[in-house]
Amino acid sequence: MVGAGWAGLAAAVAAIRQGHKATVFEASHTLGGRARAINAKLPNGISAVLDNGQHILIGAYSETLRMLQTVGVDAELALLRLPLALVFPDGGGLQLPRWPAPLDAAWGILSARGWSLTDKASLIKTALRWQSDSFVCASTDSVADLCIGVSPRVMRELIAPLCVSALNTPAERASGQVFLRVLGDSLFGGAGSSNLLLPRVDLGRLFPEAAARWIEAHGGQVQLGQRIGQIQPDPARTAWHIGEQAFDAVILANSLPNITKVLSNIELLATQSVATDIRNWVRLAGALRFEAITTVYAWAQGATLQAPMLALRHDHPGDDGQMGLAPAQFVFDRGQLGGPAGLLAFVVSASHLDRSSLQAQVLQQAKDQLGLTLHPVQTVVEKRATFACTPGLRRPPIHIAPGLLACGDYCDGPYPATLEGAVRSGIEAAVALGDSANNTQS
Ligand SMILES: Cc1cc2nc3c(=O)[nH]c(=O)nc-3n(C[C@H](O)[C@H](O)[C@H](O)COP(=O)(O)OP(=O)(O)OC[C@H]3O[C@@H](n4cnc5c(N)ncnc54)[C@H](O)[C@@H]3O)c2cc1C
């Protein structure tokens, strides 16, 4: 495997479970890729472990939860399981009770605070339509198309934040098909599927470190600080060379720009049919567009929220009564999630502005909506956080060429760019090894 993000590590675990030998090469000195831990210092001088971005998992992440179990992580301890809630600091919004689906969703809608009967009826009517269509729509539909008939308040307070947090793409540009898939899996996927699972440990401890230990305990290798720039096909076309080592198959789980670079080198040395396979794959990958996510970590002595996670309003009046720019959609109380007391993480999905403008606006938003004056700790802007999950998007497949596979959250699959999408693609690539390579070293 090239790349020790969640996809590459999941692929290595799955490949070993199928009897293959696996070596993982990771360019950086930290495991986990975009979902990794980072170190920081709080304004009071205390060291803290943050994440490259605040993450949420949901109960419907079945493969991720199975993978955590495989590598020995106790998900019940590592993740705080809460019924789905999109509640604002003023108490408005939607909160599902701990009831079986779909009763929980029905009651959540009927009891949503701050919504009129018309708001509630508009959502129930639309949700019933989605259900009667088996959560399937035309591939060209956007989320906004699906929601024609939903009241502006429900759109603003539920659909828009849900869509941008799940697909990291605004509703008017987001794929209706993928949104409905996530919604269907979470609302009708069985007990607990719609639950929010909030990490109580940093993202490195949540999966990547346990996965690396598991891989090494099962005869595999994880090599950090190994940036792979070249992979060469064997002259006899039966193996792939990475440096001095030969492998029967290679799974590229690194970031897309790196994969494209590696593939263009291979293309020059490959047979005509492999070169054609590579060109086709690179064309699909090259058409993907990306969205940013910004996480603003801020701290104040004694700062806390009424819940571990709150939704924030986009259009909230400031002290002067003017509508201020309020970029963050959610805020997390890291103190309630195993982190230092007073530390909050604000998430700005599909973010556009530069780091300092966003940070300043988020600190103002904290003042306006939470009544908190916070000190900035660290602002992480991931410019290529996820691919833009737009209607009708064709995503590159797992197979690139014989013995050459890809995995990553962007690969073709039912999920948007999420941990679940990454883990699923890793498992799928490992399963495909059986078809792509007759041998056992990858
Ligand atoms: C800020 C942010 C917030 C997010 N929030 C959520 C969320 O709430 N819920 C959710 O489910 N998902 C969320 N995601 C998405 C999730 O993090 C990703 O879908 C997932 O981490 C992708 O994993 P991956 O293995 O496909 O890719 P990556 O994590 O990008 O892994 C690629 C790995 O390859 C390595 N690499 C690159 N080049 C080379 C090379 N040449 N040689 C060797 N190694 C190389 C990289 O260092 C990296 O470790 C978020 C993402 C971000 C950025």
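One structure accompanies this document, and this report is about it. (Residues numbered from 1 in each chain as written. Predicted model: local features only at pLDDT ≥ 70, side-chain atom pairs only at ≥ 80, totals over all residues. Heavy atoms only, no water.)

### Quick look at the side chain of Ser 351
Assignment of secondary structure puts Ser 351 in strand β17 (residues 343-351). For Ser 351, the side chain forms a polar contact with the side chain of Thr 294, separated by 2.9 Å. Not counting residues within four places of it along the chain, the set of residues in contact with Ser 351 comprises Ala 292, Ile 293, Thr 294 and Leu 358. (Helix = DSSP H or I, 4+ residues; strand = E, 2+ residues; numbered from the N terminus. Polar contact = N/O pair within 3.5 Å; in protein donor to acceptor, adjacent residues only side chain to side chain. Contact = heavy atoms within 4.5 Å.)

### Observations regarding the packing of helix α7 (residues 152-167) against helix α8 (residues 176-188)
For any two helices packed against each other, the geometry comes down to the angle between their axes and how far apart the axes lie. Relative orientation of the contacting elements α7 and α8 amounts to 95°, with a least axis distance of 11 Å. By the angle between their axes, α7 is roughly perpendicular relative to α8. Of the residues in α8, those touching α7 at Ile 159, Leu 162, Cys 163 and Leu 167 are Val 178, Phe 179 and Leu 183. (Axes fitted to C-alpha atoms, helices over the stretch in contact; angles between N-to-C directions. Parallel < 35°, antiparallel > 145°, perpendicular 65-115°, else oblique.)

### A word on a nonpolar patch on the surface
A cluster of nonpolar side chains, contributed by Trp 99, Leu 103, Trp 107 and Leu 110, occupies part of the molecular surface with about 450 Å² of accessible area. Here Trp 99 shows up in the loop between β7 (93-95) and α4 (103-110). The class for Trp 99 is partly exposed, based on a relative accessible area of 44%. (Patch = residues over 30% accessible without salt bridge, like charges linked within 9 Å, V, L, I, M, F, W, Y side chains within 5 Å. Areas by Shrake-Rupley, 256 points an atom, 1.4 Å probe, with all protein chains shown as cover. Salt bridge = Lys/Arg side-chain N within 4 Å of Asp/Glu carboxyl O. Buried < 20%, exposed > 50% of the residue type's maximum accessible area, 1.4 Å probe, protein only.)

### Focus: the site of the ligand
Neighbouring the ligand are 34 residues; Glu 26, His 55, Ile 56, Tyr 61 and Asp 409 lie closest to it. A distance of 3.5 Å separates an oxygen atom of the ligand from a polar backbone atom of Gly 33. Within the backbone of Leu 419, an N or O atom sits 2.9 Å from an oxygen atom of the ligand. A total of 1000 Å² of accessible area belongs to the ligand in isolation, and the protein chains cover 93% of it. For the shell around the ligand, the elements supplying multiple residues, two or more each, are α1 (6-17), β18 (375-387) and α14 (419-436). In terms of residue class, the shell around the ligand is made up of 16 nonpolar, 13 polar and 5 charged. Each of domain 1 (6-35 + 207-288 + 393-436) and domain 3 (290-387) contributes no fewer than three residues to the shell around the ligand. (Near = heavy atom within 4 Å. Nonpolar A, V, L, I, M, F, W, Y, C, P; charged D, E, K, R; others polar. Domains from an automatic or database assignment.)

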